[in-house]
There are 2 protein chains.
Amino acid sequence: MITLQVKKFSIPEIIFGRGSLEYVGLCARRLGAEKVFLVSDSGLEKAGWVEHVTSVLDREKLSWVYYSDVVSNPRDFQIQQGAEFYKQGRADVVIALGGGSPMDAAKGIALVASNGGKIHDYEGANRIHRPLPPMVFVPSTAGSGSDISQFAIITDVKRRVKMSIISRTLVPNISVIDPEILLTKNESLIVASAIDAMCHAVEAYVSKIASPFTEVQSLKAIQLIMENLETAKQTRDLQSLENLSIASTSAAMSFSNASLGAEHALAHSLGGMYDVMHGLVHPVLLPPVMRFNLSTCVEKMADIGRILLGKSRRSAKSTALAGIERLEDYCKSLGVPVRLRKIIPDDSGLKELCRMASNDACLLTNPRTATWEDLLSICEEAW
Amino acid sequence: MITLQVKKFSIPEIIFGRGSLEYVGLCARRLGAEKVFLVSDSGLEKAGWVEHVTSVLDREKLSWVYYSDVVSNPRDFQIQQGAEFYKQGRADVVIALGGGSPMDAAKGIALVASNGGKIHDYEGANRIHRPLPPMVFVPSTAGSGSDISQFAIITDVKRRVKMSIISRTLVPNISVIDPEILLTKNESLIVASAIDAMCHAVEAYVSKIASPFTEVQSLKAIQLIMENLETAKQTRDLQSLENLSIASTSAAMSFSNASLGAEHALAHSLGGMYDVMHGLVHPVLLPPVMRFNLSTCVEKMADIGRILLGKSRRSAKSTALAGIERLEDYCKSLGVPVRLRKIIPDDSGLKELCRMASNDACLLTNPRTATWEDLLSICEEAW
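Rules and cut-offs
- Residues numbered from 1 in each chain as written.
- Chains lettered and ligands numbered in written order.
- Predicted model: local features only at pLDDT ≥ 70, side-chain atom pairs only at ≥ 80, totals over all residues.
- Helix = DSSP H or I, 4+ residues; strand = E, 2+ residues; numbered from the N terminus.
- Buried ≥ 20, exposed ≤ 12 C-beta atoms within 10 Å, placed from the backbone.
- Contact = placed C-beta atoms within 7 Å.
- Pairing = 2+ DSSP bridges.
- Axes fitted to C-alpha atoms, helices over the stretch in contact; angles between N-to-C directions.
- Parallel < 35°, antiparallel > 145°, perpendicular 65-115°, else oblique.
- Nonpolar A, V, L, I, M, F, W, Y, C, P; charged D, E, K, R; others polar.
- Least-squares fit on C-alpha atoms with pLDDT ≥ 70 in both.
- Core = buried A, V, L, I, M, F, W, Y, C linked by C-beta atoms within 7 Å.
- Domains from an automatic or database assignment.
- Left-handed = near helix turned anticlockwise from the far one by under 90°.
- Expected span 1.5 Å × (residues − 1).
- Bend = angle between axes of the 7 residues up to and from the residue.
- pLDDT = per-residue confidence, 0-100.

### Describing the overall build of chain A
The helix and strand inventory of chain A stands at 14 helices and ten strands. Its C-alpha atoms give chain A principal-axis dimensions of about 60 × 50 × 45 Å. For chain A, the proportion of its 383 residues judged to be buried stands at 56%. Restricting the contact set of chain A to residue pairs at least 6 apart, pairs at least 24 apart contribute 77%.

### Observations concerning the pairing of strand 2 (residues 13-16) of chain B
Both strand 1 (residues 7-9) of chain A and strand 2 of chain B contribute to a ladder of three bridges, which runs antiparallel. Looking at strand 2 of chain B, one finds that A:K8 is bridged to B:I15.

### Quick notes on the sheet that holds strand 8 (residues 151-156) of chain A
Consider a sheet: its strands pair through backbone hydrogen bonds, and that pairing is either parallel or antiparallel. Residues and elements named next belong to chain A. Spatial strand order, 6-9-8: three strands in an open sheet with mixed pairing. In this open sheet, the two strands that pair with only one neighbour each are strand 6 (124-125) and strand 8. Two strands pair when backbone bridges link them, and strand 6 and strand 9 (residues 161-166) are joined in this way by two bridges, in the parallel orientation. If you follow A125 over to strand 9, its bridge partner there is I166.

### Concerning the packing of helix 10 (residues 278-293) of chain A against helix 12 (residues 316-333) of chain A
Two quantities define a packed helix pair, namely the angle between the helix axes and the distance between the axes. All names here are of chain A. Axis separation between helix 10 and helix 12 bottoms out at 10 Å; the angle between their running directions is 175 degrees. Here helix 12 runs roughly antiparallel to helix 10, going by the angle between their axes. Contacts between helix 10 and helix 12 involve P283, L286, P287, M290 and R291 on the former and, on the latter, I324, L327, E328 and C331. In the contact of helix 10 with helix 12, the residues fall into seven nonpolar, no polar and two charged.

### A look at the relation of the copies chain A and chain B
After a rotation of 180 degrees and a shift along the axis of 0.0 Å, chain A superposes on chain B with an RMSD of 0.0 Å. Between the two chains, the operation in question is that of a two-fold axis. The residues that chain A uses at the interface reappear at the interface of chain B in 100% of cases, marking a shared surface.

### What about the nonpolar core?
The biggest cluster of nonpolar side chains holds 267 residues, and the ones touching the most others in it are A:V24, A:V36, A:I95, B:V36 and B:I95. By residue number, the principal contributor to this core is helix 6 (residues 187-206) of chain B, which donates 13 residues. Those residues in contact with A:I95 that lie beyond four places of it in its chain are A:V24, A:A28, A:V36, A:L38, A:V53, A:V136 and A:V138.

### Some words on the pairing of strand 5 (residues 93-98) of chain B
All names here are of chain B. Most of strand 5 is tucked away: six of the six residues are buried. Here strand 5 shows no split at all, with V93, I95 and L97 on one side and V94, A96 and G98 on the other all buried. Here four bridges tie strand 3 (residues 35-39) to strand 5, and the two strands are oriented parallel to one another. If you follow L38 over to strand 5, its bridge partner there is I95. Pairing between strand 5 and strand 7 (residues 135-139): five bridges, direction parallel.

### Some thoughts on the sheet that holds strand 8 (residues 151-156) of chain B
Reading across from one edge, 6-9-8 (chain B) is the order of the three strands in this open sheet, with mixed pairing throughout. The sheet is open, and its two edges are formed by strand 6 (124-125) and strand 8 of chain B, each paired on a single side.

### Regarding the domain arrangement of chain A
Residues and elements named next belong to chain A. For chain A, the domain assignment lists domain 1 (13-181) and domain 2 (186-382). Look at where the C-alpha atoms of domain 1 and domain 2 centre, and you get two points 25 Å apart. Of the residues lining the interface, 24 residues belong to domain 1; the matching set on domain 2 comes to 32 residues. Among the elements of the structure, strand 6, strand 8 and strand 9 are those that each provide at least two residues to the side of domain 1 that touches domain 2. Looking at which element gives the most residues to the side of domain 1 that touches domain 2, the answer is strand 9, with four residues. Among the residues forming the side of domain 1 that touches domain 2, the class breakdown is ten nonpolar, twelve polar and two charged.

### A closer look at the environment of B:D346
Within the secondary structure, B:D346 is located in the loop between helix 12 (316-333) and helix 13 (350-357). Between the C-alpha atoms of B:D346 and B:W383, which are 37 residues apart in sequence, the distance is 9.8 Å.

### Observations regarding the environment of B:K87
Residue and element names in this part refer to chain B. Assignment of secondary structure puts K87 in helix 4 (residues 76-89). The partly exposed category is assigned to K87, around which 14 C-beta atoms lie within 10 Å. Placed 24 residues apart in sequence, K87 and S63 show a C-alpha to C-alpha distance of 15 Å.

### Structural notes on unusual backbone geometry
All names here are of chain A. With phi around 50 degrees, R90 is a residue other than glycine that occupies positive phi space. Residue position: R90 is located in the loop between helix 4 (76-89) and strand 5 (93-98). On the basis of neighbour counts, which here come to 11 C-beta atoms within 10 Å, the residue R90 falls in the exposed class.

### Digging into the packing of helix 6 (residues 187-205) of chain A against helix 10 of chain A
Residue and element names in this part refer to chain A. Between helix 6 and helix 10, the least distance of the axes is 8 Å, while the angle of their chain directions is 35 degrees. Helix 10 is crossed by helix 6, and the crossing has left-handed handedness. When helix 6 is examined against helix 10, the residues A192, S193, I195, D196, C199 and V202 are found in contact with a partner set consisting of H278, G279, L280, H282, P283, L286 and M290. Of the residues in the contact of helix 6 with helix 10, the class split is eight nonpolar, four polar and one charged.

### Section: the interface of chain A and chain B
Listed per partner, the contact involves 26 residues of chain A and 26 residues of chain B. Its residues assigned to classes, the side of chain A that touches chain B comprises 13 nonpolar, seven polar and six charged.

### Quick word on the environment of A:L350
Residues and elements named next belong to chain A. Examined against the element boundaries, L350 turns out to sit in helix 13 (residues 350-357). Assessed through the 18 C-beta atoms surrounding it within 10 Å, L350 is described here as partly exposed. Spatially, the C-alpha atom of L350 lies 25 Å from that of S295, the residues being 55 residues apart in sequence.

### Quick word on helix 10 of chain A
Residue and element names in this part refer to chain A. The end-to-end C-alpha separation of helix 10 is 21 Å, in line with the 22 Å expected for 16 residues at 1.5 Å each. Where helix 10 bends most, at L285, the angle is about 45 degrees, and the proline P287 comes one to four residues later. Buried residues dominate helix 10, accounting for 14 of its 16 residues.

### Structural notes on the confidence of the model for chain A
Considering every residue of chain A, the mean pLDDT works out to 95; 99% of them sit at 70 or more. Across the interface, the model reports ipTM at 0.93; the global pTM reads 0.95.

### Quick notes on helix 5 (residues 100-115) of chain B
Residues and elements named next belong to chain B. Taking 1.5 Å of rise per residue, the 16 residues of helix 5 would be expected to cover 22 Å, and the 22 Å separating its terminal C-alpha atoms lies within 8% of that figure. Counted residue by residue, helix 5 has 14 buried out of 16 residues, so it is predominantly covered. G116 lies just past helix 5 and shows a positive phi near 75 degrees.

And the structure:
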């Protein structure tokens, strides 16, 4: 009786724009806050943003505790420590300020603090049963989309794997997106984040569970990244940075609801095994994954190609292929590594990597079924 | 310190697709329901949809009370009666099944039952201070967007005015959109609803507080309506009806967050004074309002024109103007009245109508400032 054609679309309330950081205290207050658990990292401390947020909280007469023990690719044991600290601090609302790592760490901490057990208990889709404390997230990069998404990615140190934890419960209540924060980010982070958003948009667009509500967001994101990344990189013009924020947010609305694909399955394994920075993986793996998927979604790949190229070629297939080439050339022009051998030490772990990736939840929605051997071929093509 | 460039974007969780009606009980349960307050109307009873919903609730072992005392353009006194009935019924979650009227009535009832006083106390923007009971809305038309929006429109019988009540609190928790419900709707309702959605999309697109998040939804809606209304009208093909549902939902995501303009201000007054069916007003008033606004938003009107025409003309202005003409011709071809004199008895009340419209909250976001005399000129042009 219940059909498979039903699609879900869920996003947080969004407060967007220059200066929106000033609202973060009001947002927490509206969610019932008396004491805020603030998660951020040392980079944002140095840039002055943590102090900015705490001064907004002070102005709003909210007390707070601050947790900054977060590294890139957050680890399972750090989540457990953070959850202890959360409980000791007796906070009632979580504010995360940061890129994907502090935001995912904050989700993990909120999850373990409210649902108990270990973070590993929740790996996979829809395994969270009790509500989390209210969350207000402030992204400091235009890429991860964790402020919008149902995803948290936490590294299992023992297994050397990035666990995907996916649940509607992990969508923050409010995302406060202030593009001015991007002004203090360096060029390579802006590029890596934008390519992460591009990859979210592309994988979600061709996902098996894409819907008209996610597709429109994917295409908008791809267009905005192509139109703005070059200027944002060269001039740090605030309007371009703002457009990259819109792109990242749009891409996250898409992937949070349509999920991702083979590229992210591999990216998570690469991050887990080698601690590679997430944004570095996509220029290497996205084009070969798109070629692998092409036969099952030619029309959709042509839609992407049309935006990347700014025009159509004679057939859908040639538009799609030219689009993938254009993306490859574009990544090269950004000066980032485009071969797998440049980002991991050697190829001895590739088989293990691909076996691990074949268990990642993201692979379930890849448009073409991929075995671990298929993933290995993709890695060999990318080598 | 707080800038005016900050934009908000808030929508309910959406469950979309053929057969999604089967989930309505689960949704209510998830929001803590034990006893549902179900609002619908006699048309939906006759078509069998009310029984369908109650059987889903029975299957989910939820008790329910049913309220159907709803008319087109719901009245203030009906809201007060409904709120009494709600309290007597001791229900905890509201489900509305219907077009704009049952859904707006359900919002009004939920509001008065939880916040007290009279519905008139909440007229205007942001005047609701206490939370409403959880709401699951099931739209039965592809037009009003009340299942997505922050708006409830209730008629003040004494003043003969439609009150706009606007608050984030009025966004339902979950919108369950099942396009199969449209199969039992007649042609004229499908057309009137689609034109309502078109008008939402156009007015929100040029609104003073439009954002990139709303603009993309407006353009998508206009495109889908142009591509699908003709077929939906002629063949009742389910795919076309589904696409009109997507259009209506997209348009509602846009207008709920960007608000509307002069056309809806006038439409509310027309509905209040003459009880005109909302969907009948737009073919009459939208083109002259677009001409009035043109000088302040030529580029945006050209974006709309490009979609309506399927191509650009030589300049932005000529594309915009040709688009408005195209829309006018299109409305004529649909066989609906396109002159104001066809939908109200005489012109004796026009001045009062326009003075009333000049107080409507929708006028605040019209791209061009409009006095009541400007509105009168628009009505005279439309006469």
